[in-house]
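The chain contents come next:
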Amino acid sequence: MRLTALLCLMVLGLSSCEWGSMPKKEVHPIFKDTLVYTYKTIHERAADCGNKPDSACTVVKIKYPEFKGQTVLNDTVESKLLNVFMLSEKPDTSLKDLTKDFLKAYTDSKKSHTRAEMFYELDTYAKVIMQDSALVSLEYGGYTFQGGAHGASFTGFINWNPKANKEILLKDILVDGYNAQLTKVAESIFRKDEKLADTASLAGNYFFKDNKFALNENYAITPLGLRFMYNQYEIKPYAAGQTKLFVPYTRILTLLRPNSVAAQFIIKNAGI
């Protein structure tokens, strides 16, 4: 009851906020880094690049954080990157192998390709969005082009519990049986964003299974709410790009699990 009362106090204060627009004076100390990390980079060019700039030849660029003493987290970050743009049915076993295989794929394709100016591109990354003692939030993804009509891009998230040394799932921050209510709230926000009436059909312009709205499992846990990301081709044609969907905690107060990182965000932002 006490938690519910505290959460309700936040409705007026947070309902008009958006992730990323919080004034500096309102930033809470929970945003300070607690894990030590350094960024590592891989930058390899194809043998035929010569004096060409990166923008005109085949290049692999990978940038990611490496956390001190956090083997499981580091392995998770690498695994996510290896699965973003797989070159075959199985992902490579290391980022160095991914780089080598990508450049080899370009070299092999060039032997039978008639376009002399054709080149590949792989630009992928992982970056720390924020972290505190209960959450390390990372974004990962990038862009690749391997011939064809157009390239492919992707954005994903890792929500990490540094104490439990594992990813934070929705079931960890929301009460049992949350899915139906969360989906209902999210669909109302989605329809408003897409300028759709409550009864408008999702057939034709969207790729939802059975034409029914559904949330995916690609989300960032932020101080103000859950930020879902649908990537290209996931629910819309390629030309429509990515679709972002933000669900404020103020819309799902009754679903927040007590003592979870999401509930703590609201309490801490209230200064309690």
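Residues numbered from 1 in each chain as written. Predicted model: local features only at pLDDT ≥ 70, side-chain atom pairs only at ≥ 80, totals over all residues. Heavy atoms only, no water.

What to know about the overall build of the chain
Helix and strand content of the chain: 7 helices and 9 strands. Counting only residues that meet the buried cut, the chain has 43% of its 272 residues in that class. Accessible surface, the chain: about 15,000 Å² in total, of which carbon and sulfur atoms supply 52%. (Helix = DSSP H or I, 4+ residues; strand = E, 2+ residues; numbered from the N terminus. Buried < 20%, exposed > 50% of the residue type's maximum accessible area, 1.4 Å probe, protein only. Areas by Shrake-Rupley, 256 points an atom, 1.4 Å probe, with all protein chains shown as cover.)

Observations regarding the nonpolar core
The biggest cluster of nonpolar side chains holds 34 residues, and the ones touching the most others in it are Ile-221 and Ile-252. If you list the elements that add at least two residues to this core, you get helix 5 (170-173), helix 6 (179-193), strand 7 (219-221), strand 8 (225-230), strand 9 (243-248) and helix 7 (261-269). Ranked by residue count, the leading element in this core is helix 6, at 5 residues. The residues contacting Ile-252, other than those within four sequence positions of it, are Leu-174, Leu-182, Val-185, Leu-226 and Val-247. In this structure, Met-118, Ala-126, Val-128 and Leu-138 belong to the second largest nonpolar core, which totals 31 residues. (Core = buried A, V, L, I, M, F, W, Y, C linked by side-chain atoms within 4.5 Å. Contact = heavy atoms within 4.5 Å.)

A look at helix 6
In a regular helix each residue adds 1.5 Å, so 15 residues correspond to 21 Å; helix 6 covers 21 Å between its end C-alpha atoms and thus fits that length. Of all the positions in helix 6, only Leu-182, Thr-183, Val-185, Ala-186, Ile-189, Phe-190 and Arg-191 are classed as buried. On the buried face of helix 6, the contacting elements are helix 5, strand 8 and strand 9. Count one or two residues on from helix 6 and you reach Lys-195, which has phi positive near 60°. (Expected span 1.5 Å × (residues − 1).)

Observations regarding helix 3 (residues 71-84)
Counted at 1.5 Å a residue, the expected span for helix 3 with its 14 residues is 20 Å, and the 20 Å between its end C-alpha atoms agrees. Buried residues of helix 3: Leu-73, Asn-74, Thr-76, Val-77, Leu-81, Leu-82 and Val-84, and no others. Residues of helix 3 that are buried sit in contact with strand 2 (59-67), helix 4 (95-112), strand 3 (121-131), strand 4 (136-145), strand 5 (152-161) and strand 6 (166-167).

Topic: the state of the cysteines
Going through the model one piece at a time under the given rule, you end up with 1 disulfide. The disulfide partner of Cys-49 is Cys-57, and the S-S distance across this bridge is 2.3 Å. Note on the Cys-49 and Cys-57 pair: the S-S dihedral is about 95°, so by sign convention the disulfide is right-handed. Here the two residues Cys-49 and Cys-57 agree in accessibility, since each one is buried. (Disulfide = S-S within 2.5 Å.)

Focus: the environment of Pro-223
When you line up the elements, Pro-223 lands in the loop between strand 7 and strand 8. Classification of Pro-223 by relative accessible area gives buried; the value is 0%. Each C-alpha atom, one on Pro-223 and one on Tyr-249, is 8.8 Å from the other, the two residues being 26 residues apart in sequence.

Focus on the sheet that holds strand 7
Read across the open sheet, the 3 strands follow the order 7-8-9; overall the sheet is antiparallel. Two strands in the sheet have a free side with no partner beyond their single neighbour: strand 7 and strand 9. Pairwise comparison of adjacent strand axes, ignoring direction, gives a mean angle of 20° for this sheet. Where strand 8 lies against strand 9, 6 bridges are found, and the strand directions are antiparallel. Bridging across to strand 9, Phe-228 finds its partner in Leu-245. (Pairing = 2+ DSSP bridges. Axes fitted to C-alpha atoms, helices over the stretch in contact; angles between N-to-C directions.)

Considering unusual backbone geometry
Phi is positive for Lys-195, close to 60°, though the residue is something other than glycine. Here Lys-195 lies in the loop between helix 6 and strand 7. Phi is positive for Asp-210, which is not a glycine, with a value near 55°. Its place among the elements puts Asp-210 in the loop between helix 6 and strand 7.

Section: the packing of aromatic side chains
For the structure on display, the rule yields 13 aromatic pairs. Its end group placed over the ring of Tyr-39, Lys-63 keeps NZ or CZ at 5.3 Å from the ring centre. (Phe/Tyr/Trp six-rings, centres within 6.5 Å; stacked < 30°, edge-to-face > 60°. Lys NZ or Arg CZ within 6 Å of the ring centre and 35° of its normal.)

Looking at the confidence of the model for the chain
Mean pLDDT for the chain: 88, with 85% of residues reaching 70 or above. Note that pLDDT drops below 50 for residues 1-31; the model gives that stretch 46 contacts with residues more than four away or on any other chain. (pLDDT = per-residue confidence, 0-100.)

Some details on the sheet that holds strand 5
Strand order in this open sheet of 6 strands is 1-2-3-4-5-6, and the pairing throughout is mixed. Only two strands of the sheet have a single neighbouring strand rather than two, namely strand 1 (37-45) and strand 6. Across 10 bridges, strand 3 lies against strand 4 in antiparallel orientation. Within strand 4, the position partnered with Met-130 by the bridge is Ser-137. Contacts between helix 4 and the sheet are confined to strand 1, strand 2, strand 3 and strand 4, with strand 2 contributing the most and set at about 175° to the helix.

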